[in-house]
Amino acid sequence: MEVFEDHSPDMDITFTKGDLRDVVPHDNDPIVISLVTAGRTVHRVLVDQGSSADVMFWQTFGKLQLSPDQLRPYGGCLYGFIGDQVEVRGYIELRTTFTDGLASRTEKIGYLVVNASSAYNILLGRPTLNRTGVVPSTRHMKVKLPSMEGLIITICSDQKEAKKCYENSLKNKRSVCHVTTTPPPGVEPEQKNQRVVDTALEVAVEGDVPMEDIEARSESAARVEEERNCPETARESGIARALIASEKKPQPVEEWLEKNINGKTFKLGKTLDSETQYQIA
């Protein structure tokens, strides 16, 4: 990939209380903006400081009516947030415009086009954010960057779209987290243990569960699977658990004496002094 030089004007960028006036109270919403690229306005662009690349999804590439012939080969690998490798269709450079209606700036951005589902159309990653001097503020729900004419471009996040994208990403989270890896040649996949792994993943995705609980449920699932496949083991295991449970019942650790109180017989420890026994009676 070509490395573009940083030629942004050296300007101070600040956020003030005035930038909060149009912000709807939110629960840590991401910044989602609109850009103009390939001659079209593209919505649902996530400003992603955690991404090491500028990413365009294959569905967006098609909607922009771009030709696969425009893609350049990309020899590197792209990995998701859980370490799974994402298919990269290629690399394309597109002139992209940032504008707030008053000022604008057009830059050539190199996008990695990936074949993956997403609630967003484009992920604007660190390469472009750093090179163009984009400063995001999640508190103010805005990004600011300098124009080549020395003006400050302020682009507001579409909070309604951001919330919708976030909810959609949560719905797809289960399928994103459930990754099937291909074993090396000659190695048979461990189908028996796969069911246990799936159970742990379901727990991790469906709720905020501590890791020790996930591991405990995985062990429990493994034991159930083993007992299902071997009834004899299940019977012995059940007997063993019953014996352990009975051993855990509280047992008397001292001699005791029987005392009749209001027609009922109670067992009292002999170590109790006579005054205490009298008070109990």
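Trainee: Looking at this structure, I do not really get the overall build of the chain. What am I missing?
Mentor: When helices and strands are tallied, the chain shows eight helices and 13 strands. Across the 281 residues in the chain, those meeting the buried criterion constitute 31%. Within the chain, residue pairs in contact and separated by at least 24 positions form 60% of the contacts whose partners lie at least 6 positions apart. Just so you have it, the chain exposes about 18,600 Å², and 50% of that area is on carbon and sulfur atoms.

Trainee: Teacher, can you tell me more about the pattern of salt bridges here?
Mentor: For side chains bearing opposite charge, pairing can occur when the charged atoms are close. Throughout the structure, instances matching the rule amount to seven salt bridges. For glutamate 93, the salt bridge identified is with arginine 72, shortest N-O distance 3.3 Å. Separated by 21 residues along the polypeptide, glutamate 93 in strand β6 (residues 88–99) and arginine 72 in the loop between α1 (58–63) and β4 (78–79) bring together distant segments of the chain. A relative accessible area of 19% means that glutamate 93 is categorised as buried. The class for arginine 72 is partly exposed, based on a relative accessible area of 43%. Glutamate 107 is paired through a salt bridge with arginine 131; the nearest N and O atoms lie 3.3 Å apart. Of the two residues, glutamate 107 is situated in strand β7 (residues 104–114) and arginine 131 in helix α2 (residues 126–132); the sequence distance between them amounts to 24 residues. The burial state of glutamate 107 is the same as that of arginine 131; both residues are buried.

Trainee: Any chance you could explain the sheet that holds strand β11 (residues 152–156) here in plain terms?
Mentor: If you trace the three strands from one edge of the open sheet to the other, you get β9-β10-β11, paired in antiparallel fashion. Two strands lie at the open edges of the sheet, namely β9 (135–137) and β11, each paired on one side alone. Adjacent strand axes in the sheet meet at a mean angle of 20°, parallel and antiparallel pairs treated alike. One ladder, built from three bridges, connects β9 with strand β10 (residues 142–146); its direction is antiparallel.

Trainee: Just to check I follow, could you spell out the confidence of the model for the chain for this structure?
Mentor: Detailed reading of the predicted model is not advised wherever pLDDT is low. Overall, the predicted model of the chain reaches an average pLDDT of 74, with 62% of residues at or above 70. Within the chain, β11 carries the highest mean pLDDT (97), whereas helix α5 (residues 191–206) carries the lowest (35). Here residues 174–187 is modelled with pLDDT under 50, and outside its nearest four sequence neighbours on either side it reaches 14 contacts, counting other chains as well.

Trainee: Teacher, can you tell me more about the side chain of aspartate 19 here?
Mentor: Turning to its location among the elements, aspartate 19 is positioned in the segment before β1 (32–37). Look at aspartate 19 and you get buried, because its relative accessible area is 12%. Other than its neighbours up to four places away in sequence, aspartate 19 contacts Thr14, His140, Lys142 and Lys144.

Trainee: Would you explain the environment of alanine 116 in this entry?
Mentor: If you trace the backbone, alanine 116 turns up in the loop between β7 and β8 (122–124). For alanine 116, a relative accessible area of 34% gives the class partly exposed. In this structure, alanine 116 is in contact with Phe57 and Val86, ignoring residues within four places of it in sequence.

Trainee: Whenever I open this one, the packing of aromatic side chains confuses me. Can you help?
Mentor: To describe a pair of aromatic rings, you give the distance between the ring centres and the angle between the ring planes. What the rule picks out here adds up to one aromatic pair. Taking 5.2 Å as the distance between ring centres and 10° as the angle between the ring planes, the aromatic pair formed by tryptophan 58 and phenylalanine 61 counts as stacked. Placement of both tryptophan 58 and phenylalanine 61 in helix α1 is noted, with a separation of three residues, approximately one turn of the helix. When its relative accessible area of 26% is taken as the criterion, tryptophan 58 is described as partly exposed. One residue, arginine 89, lies across the ring of tryptophan 58, its end atom 4.3 Å from the ring centre.

Trainee: Hey, could you run me through helix α3 (residues 159–171) in this one?
Mentor: Every α-helical turn comprises 3.6 residues, leaving residues that sit three or four positions apart pointing alike. Over its 13 residues, α3 extends 18 Å from the first C-alpha to the last, a length consistent with the 18 Å expected when each residue adds 1.5 Å. Burial in α3 covers these residues: Gln159, Glu161, Ala162 and Cys165. Down the axis of α3, the buried side of the element spans an arc of 155°, and every buried residue falls inside it. Pointing more than 90 degrees away from the buried face of α3 are the exposed residues Lys160 and Lys171. Buried residues in α3 make contact with β1 and β2 (40–47).

Trainee: Help me out: how do you make sense of the sheet that holds strand β3 (residues 55–57) in this one?
Mentor: The strands making up a sheet associate through hydrogen bonds between their backbones, and the pairing can be parallel or antiparallel. Read once around its circumference, the closed barrel built from six strands follows the order β1-β2-β8-β3-β7-β6, with strand pairing classed as mixed. Adjacent strand axes in the sheet meet at a mean angle of 45° when their direction is disregarded. In this sheet, β8 lies alongside β3 in antiparallel orientation, the contact comprising two bridges. Note that in β8 the partner of valine 55 across the bridge is leucine 123.

Conventions we followed
- Residues numbered from 1 in each chain as written.
- Predicted model: local features only at pLDDT ≥ 70, side-chain atom pairs only at ≥ 80, totals over all residues.
- Heavy atoms only, no water.
- Helix = DSSP H or I, 4+ residues; strand = E, 2+ residues; numbered from the N terminus.
- Buried < 20%, exposed > 50% of the residue type's maximum accessible area, 1.4 Å probe, protein only.
- Contact = heavy atoms within 4.5 Å.
- Areas by Shrake-Rupley, 256 points an atom, 1.4 Å probe, with all protein chains shown as cover.
- Salt bridge = Lys/Arg side-chain N within 4 Å of Asp/Glu carboxyl O.
- Pairing = 2+ DSSP bridges.
- Axes fitted to C-alpha atoms, helices over the stretch in contact; angles between N-to-C directions.
- pLDDT = per-residue confidence, 0-100.
- Phe/Tyr/Trp six-rings, centres within 6.5 Å; stacked < 30°, edge-to-face > 60°.
- Lys NZ or Arg CZ within 6 Å of the ring centre and 35° of its normal.
- Expected span 1.5 Å × (residues − 1).
- Arc of directions from axis to C-beta.

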